[in-house]
Amino acid sequence: MTDRDPGFSTLAVHAGAQPDPTTGARATPIYQTTSYVFNDADHAASLFGLQSFGNIYTRIGNPTQAVLEERVAALEGGTAALATASGHAAQVVVFQMLLKPGDEFIAARKLYGGSINQFTHAFKSFGWNVAWADPDDLDSFERAVTPRTKAIFIESIANPGGTITDIEAIAAVARKAGVPLIVDNTLATPYLIRPIDHGADIVVHSLTKFLGGHGNSLGGIIVDAGTFDWSKDNKYPMLSQPRPEYHGIKIQETFGNFAFAIACRVLGLRDLGPAISPFNSFLILTGIETLPLRMQKHCENAKAIAEWLVAHPAVAAVNYAGLSGDKYNNLARKYAPRGAGAVFTFSLKGGYDAGVELVSRLKLFSHLANIGDTRSLVIHPASTTHSQLDDAAKIKSGAAPDLVRLSIGIEDKEDLIADLDQALRPGS
Amino acid sequence: MNHDSYDDDYIRGILNGVKSIAMVGASPVNVRPSYFAFKYLAQRGYDMIPVNPGHVGKSLLGKPFVASLRDIDRPVDMVDIFRNSSNIMPAVDEALKMTPLPKVIWMQLGARDDAAAEKAEAAGMKVVMNRCPKIEYGRLSSEISWMGVNSRTLSSKRAPMPTQGMRLSLGRTSLSGGATAAADRAAKNRTDPS
Ligand SMILES: Cc1ncc(COP(=O)(O)O)c(C=O)c1O
């Protein structure tokens with residue numbers, strides 16, 4: 001017999017946390033410390049040798065961070081997680097575990113512009129090669145598979161277009177190719193979509209966005225689904241082969257179905273160094289406690305605003321998967337029945353110039369390069385987040401030059417609509 | 001008995017109930033998983049007996065090696081088998097000859113032999129396959145949470161600080177296996193070639 005299965009909101013408040021053993025503090029304390037005393041030399045050696053559970057040094061792990069990790073792992077239905085300094089740091093750590101110089105991975109073209117940049121330029125200098133595929137043409141994933149392919153990377157809801165990716169179809173391609181599917185679930189959060197339920201082997205997040213939710217802290221996380229067999233075919237030696245830096249330990253053999261998360265910590269984070277600060281872990285953890293409430297409000301507001309924009313005479317098109325009739329509405333109904341998220345794009349009949357004008361006239365929306373804040377945000381992706389792409393690549397990634405991106409906050413929707421209304425009124 | 005996933009209460013009952021554990025295939029090499037598990041379980045207060053014919057005359061963390069289960073001079077509650085799936089049956093056969101009969105046969109992470117499990121169960125023993133007792137103890141006590149692992153348990157109680165030799169409470173509220181159902185399914189597909 002097991003006890004009753006707690007719901008998502010209960011996990012969002014409780015998973016990973018318990019009263020502090022020494023003080024009884026009920027809120028998770030901020031363990032603002034770099035290091036932790038050992039009981040004796042043997043304890044130190046067994047911690048360093050990965051034989052005991054415990055803390056050594058905050059670059060490898062921290063008690064506040066550990067609560068954050070277990071909480072997100074529980075919300076995503078994973079076996080374990082590892083938090084990092086940012087979403088981008090999480091991506092570097094994941095790929096360092098999987099790729100050797102000369103290896104390849106396949107990525108969906110519809111991605112956050114910063115990820116397109118990271119994959120195209122930074123990763124190239126490590127000898128990791130990206131092959132692009134189009135989520136609107138599922139065969140393009142299968143066509144991109146080669147013997148050097150080591151992973152497939154997609155966003156569940158893509159930034160900036162808010163388009164929904166067919167996770168199960170791409171998971172089937174990954175399974176056939178014998179490689180893990182990595183899903184960036186930043187825009188959806190586990191409240192809207194749980195990629196592991198649809199076949200993802202690894203989930204990554206920028207915690208900076210909806211999970212933290214208040215626009216105050218950078219953070220990233222890697223969630224291990226525990227589903228991938230890293231030792232098969234010897235394609236992932238970081239996990240299957242003896243590790244010289246740990247006297248020959250084999251990570252998968254020792255840690256079983258949470259081996260990937262452990263490898264990311266004891267090899268990736270330890271050696272690359274992008275640790276999250278305990279204070280950021282605390283702020284993000286506090287944010288997650290209200291994730292279900294915030295996501296409900298974000299989605300309700302986004303839908304109302306998208307519907308209002310569709311009816312506005314100055315608006316040419318609204319791309320929001322939550323609208324019936326949208327190209328991605330069927331996928332939204334399947335994967336995100338609670339709401340299609342709160343990031344979407346639209347274009348004005350006046351084109352690029354009218355978009356730039358609109359951004360400058362808004363008074364409540366903030367013009368900045370972020371999403372997933374309590375505050376409503378606006379940006380023109382083609383000249384900012386996606387500016388490094390040429391026009392053809394901008395269109396393919398969902399950032400055509402005439403598009404304006406909104407990230408809808410949790411203010412009163414009437415006030416957001418009034419702000420858009422005054423900004424769209426000619427001559428005011 | 002379903003051996004694809006286990007109720008937490010089943011594992012909890014075993015780990016709370018047994019006191020002495022004979023570990024077949026225990027290694028003195030301090031990077032082997034059997035060494036990790038042996039050391040951890042000893043630290044948590046279990047009476048550990050290392051079984052490995054290759055190391056008789058030596059001892060593991062102060063406990064002398066014995067060559068086989070036959071050579072143990074005291075009752076053993078659980079036999080923890082650190083061998084490949086293909087070497088499980090002989091160890092189970094040997095365990096079945098012990099008096100008193102051990103209460104539990106535990107096969108390590110990665111090891112599974114359904115025929116051996118059936119034989120042990122027919123003799124009234126409890127069986128766990130493809131699990132690590134260290135990981136399960138760490139999970140149910142939430143000690144493993146230091147590593148960002150999903151313990152699949154919740155508690156609003158203040159836990160004591162663990163010290164050397166201390167048994168930890170395994171009585172936290174369990175979430176049903178659903179939380180990591182994906183990992184359990186994947187493990188089943190791996191062992192079940194159909
Ligand atoms: C979908 C997505 N993934 C990853 C990132 C990168 O995250 P961070 O800024 O925390 O490094 C972002 C940031 O905008 C994002 O929107």
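Residues numbered from 1 in each chain as written. Chains lettered and ligands numbered in written order. Predicted model: local features only at pLDDT ≥ 70, side-chain atom pairs only at ≥ 80, totals over all residues. Heavy atoms only, no water.

Caption draft 1: Seen up close, the domain arrangement of chain A. All names here are of chain A. Under the domain assignment, chain A is made up of domain 1 (8-287) and domain 2 (291-424). Between domain 1 and domain 2, the C-alpha centre-to-centre distance is 28 Å. Facing the 40 residues of domain 1 at the interface are 41 residues of domain 2. Of the roughly 3,400 Å² buried at the junction of domain 1 and domain 2 (both faces included), carbon and sulfur atoms supply 61%. Of all residues in domain 1, the largest losses of buried area upon contact with domain 2 belong to Pro160, Tyr191 and Phe210, amounting jointly to 24% of the total for that side. The tally of links from domain 1 across to domain 2 stands at two salt bridges. Between Lys327 and Asp136 there is a salt bridge, and its shortest N-O distance comes to 3.4 Å. Applying the counting rule to domain 1 against domain 2 returns 19 residue pairs in polar contact (both at pLDDT 80 or more). Of all elements in the fold, only helix H1 (8-14), helix H5 (113-125), helix H7 (167-177) and helix H8 (189-192) reach the threshold of two or more residues within the side of domain 1 that touches domain 2. Here the side of domain 1 that touches domain 2 is built from residues that sort into 17 nonpolar, 17 polar and six charged. (Domains from an automatic or database assignment. Contact = heavy atoms within 4.5 Å. Buried area = accessible area lost by both parts, 1.4 Å probe. Salt bridge = Lys/Arg side-chain N within 4 Å of Asp/Glu carboxyl O. Polar contact = N/O pair within 3.5 Å; in protein donor to acceptor, adjacent residues only side chain to side chain. Helix = DSSP H or I, 4+ residues; strand = E, 2+ residues; numbered from the N terminus. Nonpolar A, V, L, I, M, F, W, Y, C, P; charged D, E, K, R; others polar.)

Caption draft 2: Fine view of the sheet that holds strand S6 (residues 202-206) of chain A. Residue and element names in this part refer to chain A. One open sheet accounts for seven strands, arranged S1-S7-S6-S5-S4-S2-S3; its pairing is mixed. Two strands in the sheet have a free side with no partner beyond their single neighbour: strand S1 (80-84) and strand S3 (129-133). Neighbour to neighbour, the strand axes of the sheet diverge by 20° on average, direction disregarded. One ladder, built from three bridges, connects strand S2 (residues 104-108) with strand S4 (residues 149-155); its direction is parallel. Bridging across to S4, Ile106 finds its partner in Ile152. (Pairing = 2+ DSSP bridges. Axes fitted to C-alpha atoms, helices over the stretch in contact; angles between N-to-C directions.)

Caption draft 3: Quick peek at the environment of Arg12(B). All names here are of chain B. By the secondary structure assignment, Arg12 is in helix H1 (residues 8-17). In this structure the C-alpha to C-alpha distance between Arg12 and Gly171, which are 159 residues apart in sequence, comes to 7.9 Å. In contact with Arg12, other than residues within four places in its own chain, are Leu140, Leu170, Gly171, Arg172 and Ser174.

Caption draft 4: How the structure looks around the confidence of the model for chain B. A residue-level look at chain B finds 94% of positions with pLDDT of 70 or above and a mean pLDDT of 90. Interface confidence for the predicted complex, given as ipTM, is 0.90, next to a pTM of 0.94. (pLDDT = per-residue confidence, 0-100.)

Caption draft 5: Examining the interface of chain A and chain B more closely. Each partner contributes to the interface: chain A provides 57 residues, whereas chain B provides 46 residues. Each partner contributes to the roughly 4,300 Å² buried at the junction of chain A and chain B, and carbon and sulfur atoms together form 56% of this total. It is Gln51(A), Phe53(A) and Glu70(A) that lose the most area in chain A upon contact with chain B, and together they represent 19% of the buried surface on that side. At the surface where chain A touches chain B, the tally comes to two salt bridges. The salt bridge involving Arg32(B) is made with Glu253(A); its shortest N-O contact spans 3.0 Å.

Caption draft 6: Main features of the packing of aromatic side chains. Per the counting criterion, the structure on display carries 24 aromatic pairs over all chains. Each ring, one from Phe105(A) and one from Phe119(A), has its centre 5.0 Å from the other, and the planes form 90°; the classification is edge-to-face. Taken as a pair, Phe105(A) in strand S2 and Phe119(A) in helix H5 lie far apart in primary sequence, 14 residues in all. Assessed through its relative accessible area of 0%, Phe105(A) is described here as buried. Ring centres of Tyr46(B) and Tyr137(B) lie 6.0 Å apart, and the angle between their planes is 85°; on these two criteria the pair is classed as edge-to-face. Of this pair, Tyr46(B) sits in the loop between helix H2 (33-43) and strand S2 (47-51) while Tyr137(B) sits in helix H5 (residues 133-141), and the two are 91 residues apart along the sequence. The residues Tyr46(B) and Tyr137(B) share a single accessibility class, namely buried. One cation-aromatic arrangement involves Lys134(B) over Phe53(A); the distance from NZ or CZ to the ring centre is 4.9 Å. Cation over ring: Arg167(B) sits above Tyr46(B), and NZ or CZ is 3.9 Å from the ring centre. (Phe/Tyr/Trp six-rings, centres within 6.5 Å; stacked < 30°, edge-to-face > 60°. Buried < 20%, exposed > 50% of the residue type's maximum accessible area, 1.4 Å probe, protein only. Lys NZ or Arg CZ within 6 Å of the ring centre and 35° of its normal.)

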